[in-house]
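The residues making up each chain are set out below.
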Amino acid sequence: MDYTPHSNKEIKEMLSFLGIKFLKDLYNNIPDKIKQKKELKLPEPLSEIELLGRLKFISKKNISTDNRISFLGAGNYDHFIPSVVNYIISKPEFYTAYTPYQSELSQGILQSMFEYQTMMCELTGMDISNISLYDGATSVAEAANMAISINKKKKILISETIHPEYRQVLKTYMKPRKIEVFEIPMKEGITDKGQIKENLIDESSCLIIPQPNFFGNLEPIDEIFPILSGSNTLAIACVNPLSLALLKPPADFGADIVVGDGQILGNPQSFGGPSFGFLTCKKKYLRKTPGRIVGQTVDSAGNIGYVLTLQTREQHIRREKATSNICSNQSLNVLAACVYLSYVGRDGLYEIAELCYRNAHYLFQKLVAIKGINPTFNSKFFNEFVVYIDLDSTELKKILSKKGILGPICLEEWYPSLKKRYLFAVTEKRTKDEMDLLIDTLNKALKVK
Amino acid sequence: MNDRLIFQIPYLEKGKQILPTVPNEISSIEINIPDNLKRKKAPELPQISEPQLIRHYNKLSKKNFGVDTGFYPLGSCTMKYNPKINEEISRLENFVNIHPYQDEEDIQGALQLMYELDVLLCEITGMDKFTLQPSAGAHGELTGLFIIDAYHREKGNKRKNIIIPDSAHGTNPASVTMAGYNAVAVDSDENGKVDLKKLNELLDKETAGLMLTNPNTLGFFDENILKISKMVHDVGGLVYYDGANLNAIMGIAKPRDMGFDIVHLNLHKTFSTPHGGGGPGSGPIGVTKELSKFLTIPTVELNNKGRYYLDYDKKDSIGKVKAFYGNFNVLIKAYSYILSLGAKGLKRASQLAVLNANYLKKHLSKYYYLPYPEICMHEFVISAIWQKEKGIRALDIAKRLMDFGFHPPTIYFPLIINEAIMIEPTETENKETLDMFIKAMIQIAKEADENPEILKSAPHKTQIKRLDEVKAARDLILKYEYK
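Model, not experiment: these values are computed from the prediction.

Quick notes on the overall build of chain B
Secondary structure summary: chain B contains 15 helices and 12 strands in total. Here chain B has a C-alpha radius of gyration of 25 Å; the compact-globule value for 483 residues is 23 Å, and the two agree. Its C-alpha atoms give chain B principal-axis dimensions of about 80 × 65 × 45 Å. Burial statistics for chain B: of 483 residues in total, 58% are counted as buried. Here the analysis covers contacts within chain B between residues at least 6 apart in sequence; of these, 71% occur between residues at least 24 apart.

Structure follows, in structure tokens:
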């Protein structure tokens with residue numbers, strides 16, 4: 001099956017117009033030494049029927065979280081996605097378009113990105129927003145780059161309580177330029193603010209704090225960011241956007257840049273990608289921001305319209321002096337977020353956040369009442385929490401999977417001191433019955449022990 | 001006509017019901033957030049009914065142009081048709097609803113797909129191993145440069161420079177800076193290809209590598225490529241392939257056979273996955289066996305029991321460039337595309353992309369200045385300098401094309417051509433469409449002579465007229481201000 005629309009007659013006419021006989025003559029400029037002598041060794045082409053059959057077969061080797069009860073989180077979540085989201089992002093005018101360089105033919109995407117910028121500024125309390133980076137992890141790295149370019153300091157402070165993979169990405173990004181990534185250790189599951197010493201702050205370009213952190217715990221961001229006041233070290237918060245329905249926006253604590261992952265807002269788990277990274281910041285850093293930004297303007301008839309603006313920051317104009325190399329971003333995922341936020345609305349977002357919170361706390365309270373399960377930290381949390389379960393991870397998995405339960409995540413691999421500590425995520429999709437099944441299962445398993 | 005912003009639609013006083021009613025034991029749980037962390041004022045989000053929401057976005061979609069709307073000859077972007085079956089496949093429940101930290105036993109299908117896509121891409125490019133982690137072409141470039149850095153660090157080399165042709169994509173030098181190198185531009189020669197003499201002057205012990213697009217951004221295959229890669233290798237550098245233009249040569253020539261050590265591909269260009277209004281894309285990186293130990297973690301492997309697994313045990317790896325494993329949903333579509341076309345289909349796609357480009361080029365060369373006459377690959381660059389004498393710029397021509405129902409080509413790139421118009425028709429357009437485009441371009445050339453005003457004030461038939469970009473950059477209205 002292929003998608004070329006040419007008839008043989010057309011091909012002949014076109015070749016003869018060019019004064020050549022065969023398609024292969026188009027490649028006379030490629031030296032013979034380089035030209036492939038043999039055809040590619042690929043499987044025989046498939047018809048649509050065969051293709052769909054084959055891919056369905058492969059997909060069925062996966063277990064869908066919809067056929068299980070999932071408590072998996074850690075940066076990727078099983079939230080509800082209203083059907084309007086897929087309906088809108090499946091519109092061909094949106095998903096088959098390129099980056100909106102030609103604004104007169106791209107008002108749809110441009111206006112929705114302008115609306116997105118507004119919503120993200122509302123959520124985070126910041127002045128300006130770009131229209132996406134690749135994901136939460138790269139948004140942390142880009143924010144750090146931004147800080148370095150603002151104050152020229154060569155060290156980054158990041159809390160140990162941020163997602164371990166985000167830290168890994170940051171280190172990969174910083175290593176070639178020999179920028180030190182200093183991890184602020186944690187204490188009781190939150191950033192140990194006593195470790196953020198004055199000399200560290202002086203040397204460092206920025207301090208990156210998650211909210212809530214990787215364990216679901218609420219960081220005392222109201223006490224941490226003020227430590228930076230009086231320095232030119234930038235305060236960067238990496239936030240869960242849903243939690244912002246309940247939590248004060250990072251701007252209120254003096255954040256300079258706010259980043260995070262947007263999967264939660266209307267994008268499926270999709271094995272971890274694509275999602276999108278967001279970045280909002282103070283207006284004074286506008287010209288240092290990475291990625292695309294949409295601005296409002298007028299057309300020659302005086303109608304309001306939208307264009308990509310401040311492109312002089314970007315790689316296609318500024319080349320090696322650009323604020324970032326990003327070109328393709330995650331627009332369609334941003335559109336999903338835009339539709340999601342518009343659909344659930346002000347009250348809906350609050351209600352969803354509230355139910356996530358309540359579900360998680362219901363489960364937590366019931367679990368820690370079981371003998372053999374203890375709270376690990378003493379912190380307030382949002383919709384993820386860590387408990388000690390007196391079972392090793394293989395055993396635990398076996399017991400739970402028999403009941404169709406996925407998760408929790410064992411933390412020992414990332415934090416060796418956290419043996420038998422397990423991370424649960426609870427979304428608005430989990431019902432009381434599902435949680436009771438988990439509680440009951442663990443209760444029985446631990447009693448037998 | 002202006003469409004109001006979603007914030008200007010009157011809000012409902014109360015939100016719609018989204019959640020089920022929950023048992024009292026849950027709804028009675030108090031939200032106990034410390035007062036100094038608790039939000040006091042709700043974010044101003046829209047609060048509108050579902051029918052209103054749908055109309056709003058429907059209106060917006062009608063003001064957007066995609067490949068499904070019409071011809072989209074945007075040079076360097078490979079705006080080919082996006083097969084619908086691949087969209088359907090990518091939405092299969094067991095692809096959409098899988099979590100990255102599920103047990104390997106539960107995600108064998110996803111791992112198999114990634115493993116097999118790696119093998120397919122290796123065959124197409126001649127490389128030995130791919131990582132599918134990078135999210136876009138530029139992200140792939142950065143990953144490739146991290147690998148170059150790791151390679152030299154292991155060898156104890158302290159090299160500072162990456163050489164890039166002056167015709168290169170802007171992402172190349174921008175990625176070089178992000179990876180801590182200096183971008184050194186090498187001039188193009190009178191045929192638009194790498195000037196070997198100039199290259200020779202730039203190559204030395206400071207050269208970490210060279211990045212090259214081949215066919216290059218002018219649409220020409222650089223036939224000196226073997227010489228170029230040898231010259232770089234001779235000073236100990238690595239040669240990086242920017243795969244943005246692979247669509248011209250699938251099944252014809254492999255980057256590895258040209259001497260490239262590292263290759264990035266744009267699955268959203270060459271392998272038909274949609275551009276999504278700017279993303280998501282996917283920019284896998286392929287390397288030689290020697291460099292494969294530096295690839296990102298985890299890699300997907302197959303053991304001798306036929307089981308796929310994620311391998312994190314790579315001490316020389318550069319680490320990670322993204323959380324989790326890549327833009328999986330995009331990978332599914334590219335995999336499906338390759339399986340649909342097979343070897344013959346991919347080769348035919350490339351051949352017809354090249355045929356279409358040359359057909360357009362020859363027709364247009366009578367009306368527009370053609371800087372380099374030789375046979376092109378999948379795209380070509382013309383210049384509006386003849387029209388510029390009459391006060392018409394490439395921008396005016398681009399805007400006027402909209403009135404004929406076409407998306408404009410890329411303009412003002414590559415930078416080495418004055419008033420550049422870069423046209424890439426792709427293989428999924430037939431002669432009829434190309435002829436209509438030629439006709440439009442001829443008429444525009446005539447209008448430049450006879451009625452230049454119509455070009456300067458174009459577009460005329462779009463819902464919105466020419467937008468003032470200068471005003472946008474001056475006023476900096478970057479969000480809606482609530483009254």
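What about the domain arrangement of chain A?
Residue and element names in this part refer to chain A. Looking at the assigned domains, one finds that chain A contains domain 1 (65–79 + 344–448) and domain 2 (83–340). Put simply, the middle of domain 1 and the middle of domain 2, counted by C-alpha atoms, are 28 Å apart. Opposite the 27 residues of domain 1 that make contact, domain 2 presents 23 residues. Elements that contribute at least two residues to the side of domain 1 that touches domain 2 include exactly α11 (331–368) and β14 (384–389). In terms of residue count, α11 provides more of the side of domain 1 that touches domain 2 than any other element does, 7 residues in total.

Regarding the sheet that holds strand β17 (residues 421–425) of chain A
Neighbouring strands of a sheet are bound in pairs by backbone hydrogen bonds; such pairs are parallel or else antiparallel. Residue and element names in this part refer to chain A. As summarised here, the arrangement of the 4 strands in space is β13-β14-β17-β16, forming an open sheet in which the pairing is antiparallel. The strands lining the two open edges of the sheet, one partner per strand, are β13 (373–375) and β16 (409–410). Bridging between β13 and β14 involves 3 bridges; their strand directions are antiparallel. Bridged to Ile373 within β14 is Ile389. In the packing of α11 onto the sheet, contacts are made with β13, β14 and β17, and the angle to β14 comes to roughly 10 degrees.

Considerations on the sheet that holds strand β4 (residues 180–184) of chain A
Residues and elements named next belong to chain A. Strand order in the open sheet formed by 7 strands is β2-β10-β9-β8-β7-β3-β4, with mixed pairing between adjacent strands. Lying at the two open borders of the sheet, with one neighbouring strand each, are β2 (128–129) and β4. Of the pairings in the sheet, the one linking strand β3 (residues 155–159) to β4 comprises 5 bridges and is parallel in character. Residue pairing in the sheet places Ile156 in a bridge with Val181 of β4. On the sheet, helix α7 (residues 164–174) packs against β3 and β4 and is oriented at approximately 155 degrees with respect to β4.

A look at the interface of chain B and chain A
Of the residues lining the interface, 176 residues belong to chain B; the matching set on chain A comes to 163 residues. In terms of residue count, the dominant contributor to the side of chain B that touches chain A is helix α10 (residues 328–364) of chain B (22 residues). A class-by-class count of the residues in the side of chain B that touches chain A yields 91 nonpolar, 50 polar and 35 charged.

What counts, and at which threshold
Residues numbered from 1 in each chain as written. Chains lettered and ligands numbered in written order. Predicted model: local features only at pLDDT ≥ 70, side-chain atom pairs only at ≥ 80, totals over all residues. Helix = DSSP H or I, 4+ residues; strand = E, 2+ residues; numbered from the N terminus. Rg over C-alpha atoms; globule rule 2.2 N^0.38 Å. Buried ≥ 20, exposed ≤ 12 C-beta atoms within 10 Å, placed from the backbone. Contact = placed C-beta atoms within 7 Å. Domains from an automatic or database assignment. Pairing = 2+ DSSP bridges. Axes fitted to C-alpha atoms, helices over the stretch in contact; angles between N-to-C directions. Nonpolar A, V, L, I, M, F, W, Y, C, P; charged D, E, K, R; others polar.

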